[in-house]
Amino acid sequence: QVQLVQSGGGLVQAGGSLRLSCAASGSFFSLNVMGWYRQAPGKPRDLVASITSGGSANLADSVKGRFTISRDNAKNMVDLQMNSLKPEDTAVYYCYANGRKYSFQLPADYWGQGTQVTVSS
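Undergrad: Can you help me understand the side chain of Thr-115 in this one?
TA: Considering the arrangement of structural elements, one finds Thr-115 in strand β11 (residues 115-120). Of the residues examined, Thr-115 reaches a relative accessible area of 14% and is grouped as buried. A distance of 3.1 Å separates a polar atom in the side chain of Thr-115 from the backbone oxygen of Gly-8. Setting aside its immediate chain neighbours within four residues, Thr-115 contacts Gln-6, Gly-8, Gly-9, Leu-20, Ala-91, Val-92 and Tyr-93.

Undergrad: I'm lost on the sheet that holds strand β3 (residues 18-26) in this one. Help?
TA: Where strands meet in a sheet, backbone hydrogen bonds hold them as pairs that are either parallel or antiparallel. Read across the sheet, four strands follow the order β1-β3-β8-β7 without closing on themselves; strand pairing throughout is antiparallel. Of all the strands in the sheet, the pair left with one neighbour each is β1 (2-8) and β7 (67-72). Across the sheet, the axes of successive neighbouring strands diverge by a mean angle of 15°, strand direction being ignored. Relative to β3, β1 runs antiparallel, the two sharing seven bridges. Bridged to Val-5 within β3 is Ala-23.

Quick notes on the rules
Residues numbered from 1 in each chain as written. Predicted model: local features only at pLDDT ≥ 70, side-chain atom pairs only at ≥ 80, totals over all residues. Heavy atoms only, no water. Helix = DSSP H or I, 4+ residues; strand = E, 2+ residues; numbered from the N terminus. Buried < 20%, exposed > 50% of the residue type's maximum accessible area, 1.4 Å probe, protein only. Polar contact = N/O pair within 3.5 Å; in protein donor to acceptor, adjacent residues only side chain to side chain. Contact = heavy atoms within 4.5 Å. Pairing = 2+ DSSP bridges. Axes fitted to C-alpha atoms, helices over the stretch in contact; angles between N-to-C directions.

This is the structure we're talking about:
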């Protein structure tokens, strides 16, 4: 099983910065994509940023220029650096990975436990 353990998050004033980290552990063959989703109250869970094992990153338009995603394949970690935070960034952030536990399996989705990010105005 793949476990995703998140750290970081918390409360920050608008314009501030926070960093989220996520470490994957357990037994698995590969993690093709890792990234972050977020869910605000009453809203669907939306993609914030993702990055492939080759380093190709994708960011939501709402966070481009403010957030940066990075990945350490050797440590199976993915980080999200969030700068110039806005109140509308307030949400529960979930780490995400898509990968294979065994080489012969189809890829599956794995999720972290979620962490609250609150940006005050």
